[in-house]
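Chain residues, written in single-letter form:
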Amino acid sequence: MGVSPATELPDYYAPWMNVAANLPHLIEGHQLRREVAKMPLLSTRYLRGHRQLRLARLALGFITMGYVWQGGGRQTVKILPRALAVPYCTIAELLDLPPILVYADCVLANWKKRDPRGPLNVENLDILFSFPGGDSNRGFFLVSLLVEAAAAAGIKAIPVVVNAILHHDRCSLETALQDVALSICQMREAFKLIHGCVNPGAFFRSLRIYLSGWKDNFLMPEGLVYEGVWDSPKQFSGGSAAQSSTLPCFDVLLGIQHSAAQGFSAEYLGCMRDYMPAAHRAFIQTLASGPSLRQFVLATGDAGLRAAFNRCVSALVDLRSYHIQVATKYITIPAGRGRAEQQQQQLGGCVREGTSVLSERGTGGTGFMRFLKGVRDTTRKAQLTEQEATGPTH
């Protein structure tokens, strides 16, 4: 799966790395904010290359989320201290990403192999940084990584699809579409690993709040001031699977237009492009400006191509339906239990309060179930019918 992330920074950055490495202990002991107050303001000039920048951003992102949410929903902060805010925003600008922990950080840049020559599987992988939540924390990030890894073959098939369209090569196109459909099916299989790796209660009560942002979040209605960078508060969405660039690639390839769904789905997905790595955004834009697979398949009237196209759409519908099932198990059901407990007794504990008030929203700030169902239903409508294939094309 490409080049593995960097795991070490120059010794100069030990103050960052030491705090990030001890995050669960510092958060649970309510010591993180005190440690951040001691951190020196470090220059970013000694970071060398993209991989070190990504690692530094990852460490500062984890510290930032821990700093903001150390007190759960009860003790939010309004200002991110200068020693954290200034270097974090500098690196964010260099990498063209917002200064908040995004999916590409905590999933794509947050792993290492235990045995460098071993396979890419849960047993041989570990994460670099963590929040409170123990093994469920590790499992959540690693299963997400393996879902991304399963998509690799499908993403690699996309240029083959485009080339086949340009050269009117139906045989190569059908084979490439089979590769895309198989890859999406393998994403769903990888997703199933979550049940053995992540405890629903641990995810809902502990991990989830640390991925929450300060946009469309009533716990932080004004947002967050980045001291030494901006005088006024800024609002950014939290880490979310909607920030993954894999499904948007498949959506664009298959001509799935989420603007046809409820408006908020399209608007939110559009905003999430800004939370993707620049190279990923560029790939999606290039693909969107290329030839239309859907129109090509319709124009050929080829039943085999239509079936191959529809298998891709069906696989994507199945994956999104499965995501809804997982969201029900890991968010909706625990949220219902939490509300029932609150009716019986006054809950104590900062993390419980923070997670209960966020129960109806995703970490990115959406009403998650309505969003997931809207996106799934729009995907289903992309199936090609025989009537379309035999009708006039324009």
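Look up a bit, the structure's there.
Chemist: Would you mind going over the overall build of the protein with me for this structure?
Modeler: The helix and strand tally for the protein stands at 18 helices and 4 strands. Within the span of the protein, comprising 394 residues, buried residues form 54% of the whole. Taken as a whole, the protein presents about 17,600 Å² of accessible surface, with 51% of it coming from carbon and sulfur.

Chemist: It is not clear to me how the packing of helix 11 (residues 246–254) against helix 13 (residues 278–288) should be interpreted in this structure. Could you clarify?
Modeler: To describe two helices that pack against each other, one gives the angle between their axes and the distance between the axes. Axis separation between helix 11 and helix 13 bottoms out at 9 Å; the angle between their running directions is 5°. When the interaxial angle is binned, helix 11 and helix 13 end up roughly parallel. Residues Pro248, Cys249, Val252 and Leu253 of helix 11 form the contact with helix 13, whose participating residues are Phe283, Ile284, Leu287 and Ala288. Residues belonging to the contact of helix 11 with helix 13 are distributed by class as follows: 8 nonpolar, no polar and no charged.

Chemist: For this particular structure, what's the right way to read helix 5 (residues 82–95)?
Modeler: An α-helical segment advances 3.6 residues per turn. Residues three or four places apart therefore align on the same side. Helix length check: helix 5 (14 residues) gives 20 Å between terminal C-alpha atoms against 20 Å at 1.5 Å per residue, within 8%. Restricting attention to buried positions, one finds in helix 5 the residues Ala83, Leu84, Ala85, Pro87, Tyr88, Cys89, Ile91, Ala92 and Leu95. Lining the buried residues of helix 5 we find helix 1 (14–21), helix 3 (32–38), helix 4 (49–69), strand 1 (79–80) and strand 4 (225–226). With its phi angle positive at about 55°, aspartate 96 sits one or two positions after the end of helix 5.

Chemist: What should I look at first to understand the environment of aspartate 135 in this one?
Modeler: Position of aspartate 135 among the secondary structure elements: in helix 7 (residues 134–166). Aspartate 135 gets classed as exposed once you look at its relative accessible area, which sits at 63%. Along the chain, aspartate 135 and valine 198 lie 63 residues apart, while their C-alpha atoms are 7.3 Å from each other.

Chemist: Quick question: what am I supposed to make of the packing of aromatic side chains here?
Modeler: Two measures describe an aromatic ring pair: the distance that separates the ring centres and the angle between the ring planes. In the structure shown here, the tally under the stated rule is 15 aromatic pairs. Relative to tyrosine 210, the ring of phenylalanine 131 has its centre 5.3 Å away and its plane inclined at 10°; by these criteria the two rings are stacked. Taken together, the positions of phenylalanine 131 in the loop between strand 3 (125–126) and helix 7 and tyrosine 210 in helix 10 (residues 200–210) put the pair 79 residues apart, joining distant regions of the chain. On the basis of relative accessible area, phenylalanine 131 is assigned to the buried category, the value being 1%. What makes tyrosine 210 buried here is its relative accessible area of 2%. On the basis of an interplanar angle of 85° and a centroid distance of 5.1 Å, the ring pair of tyrosine 268 and phenylalanine 371 is categorised as edge-to-face. Here tyrosine 268 is found in helix 12 (residues 263–272), whereas its partner phenylalanine 371 is found in helix 17 (residues 368–380), with 103 residues between them in sequence. In this structure, arginine 33 packs its charged tip against the face of tyrosine 67, placed 5.7 Å from the ring centre.

Chemist: Even after reading the chapter, I still don't get the nonpolar core, so can you show me in this structure?
Modeler: Generally speaking, soluble globular proteins have nonpolar side chains that are buried together. Within the largest apolar cluster, 130 residues are counted, with the highest numbers of intra-cluster contacts made by Phe131, Phe141, Trp214 and Leu293. Top element by residues in this core is helix 15 (residues 303–344). It accounts for 16 residues. Each residue touching leucine 293, except ones within four places of it in the same chain, is listed here: Val161, Ile165, Leu173, Leu177, Leu253, Leu254 and Phe309.

Chemist: So what exactly am I meant to see when it comes to the pattern of salt bridges here?
Modeler: Oppositely charged side chains can pair when the atoms bearing their charge come close. According to the stated counting rule, one finds 10 salt bridges in the structure shown. For glutamate 35, the salt bridge is made with lysine 38, and the minimal N-O distance between the two is 3.2 Å. Residue glutamate 35 and its partner lysine 38 are both found in helix 3; the two are separated by 3 residues, about one turn of the helix. Relative accessible area serves as the criterion here: at 58%, lysine 38 is assigned to the exposed category. When the shortest N-O distance is used, the salt bridge between aspartate 377 and arginine 380 registers 3.5 Å. Taken as a pair, aspartate 377 and arginine 380 lie in helix 17 at a separation of 3 residues, close to a single helical turn. Residue class for aspartate 377 comes out partly exposed when judged on its relative accessible area of 31%. On the basis of relative accessibility, which here comes to 42%, the residue arginine 380 falls in the partly exposed class. One continuous salt-bridge network, built from bridges that share partners, spans Arg114, Asp126 and Arg138.

Chemist: Can you help me understand helix 8 (residues 170–191) in this one?
Modeler: An ideal rise of 1.5 Å per residue puts 32 Å on 22 residues; helix 8 measures up with 32 Å between its terminal C-alpha atoms. Along helix 8, the positions that sit buried rather than exposed are Leu173, Ala176, Leu177, Val180, Ala181, Ser183, Ile184, Met187, Ala190 and Phe191.

Chemist: Help me understand the side chain of serine 244, please; the structure alone is not making it clear to me.
Modeler: Here serine 244 lies in the loop between strand 4 and helix 11. Overall, serine 244 belongs to the buried group, its relative accessible area being 7%.

Chemist: Before we go on, may I ask you to explain the packing of helix 7 against helix 8 in this structure?
Modeler: Two numbers describe how helix 7 lies on helix 8: the axes approach to 8 Å, and their chain directions differ by 170°. In terms of their interaxial angle, helix 7 and helix 8 are classed as roughly antiparallel. Taken together, the residues of the contact of helix 7 with helix 8 sort by class into 19 nonpolar, 4 polar and 1 charged.

Chemist: Just to check I follow, could you spell out the environment of isoleucine 331 for this structure?
Modeler: Structurally, isoleucine 331 can be placed in helix 15. It is 9.5 Å that separates the C-alpha atoms of isoleucine 331 and arginine 205, two residues lying 126 residues apart in sequence.

Chemist: What is the right way to look at unusual backbone geometry in this model?
Modeler: Phi is mostly negative for residues that are not glycine, and the peptide bonds are mostly trans. Phi at histidine 30 takes a positive value of approximately 55°, unusual for a residue other than glycine. The topology assignment puts histidine 30 in the loop between helix 2 (23–28) and helix 3. The backbone of aspartate 216 sits at a positive phi, close to 55°, despite the residue not being glycine. Note that aspartate 216 resides in the loop between helix 10 and strand 4.

Basis of the calculations
- Residues numbered from 1 in each chain as written.
- Predicted model: local features only at pLDDT ≥ 70, side-chain atom pairs only at ≥ 80, totals over all residues.
- Heavy atoms only, no water.
- Helix = DSSP H or I, 4+ residues; strand = E, 2+ residues; numbered from the N terminus.
- Buried < 20%, exposed > 50% of the residue type's maximum accessible area, 1.4 Å probe, protein only.
- Areas by Shrake-Rupley, 256 points an atom, 1.4 Å probe, with all protein chains shown as cover.
- Axes fitted to C-alpha atoms, helices over the stretch in contact; angles between N-to-C directions.
- Parallel < 35°, antiparallel > 145°, perpendicular 65-115°, else oblique.
- Contact = heavy atoms within 4.5 Å.
- Nonpolar A, V, L, I, M, F, W, Y, C, P; charged D, E, K, R; others polar.
- Expected span 1.5 Å × (residues − 1).
- Phe/Tyr/Trp six-rings, centres within 6.5 Å; stacked < 30°, edge-to-face > 60°.
- Lys NZ or Arg CZ within 6 Å of the ring centre and 35° of its normal.
- Core = buried A, V, L, I, M, F, W, Y, C linked by side-chain atoms within 4.5 Å.
- Salt bridge = Lys/Arg side-chain N within 4 Å of Asp/Glu carboxyl O.

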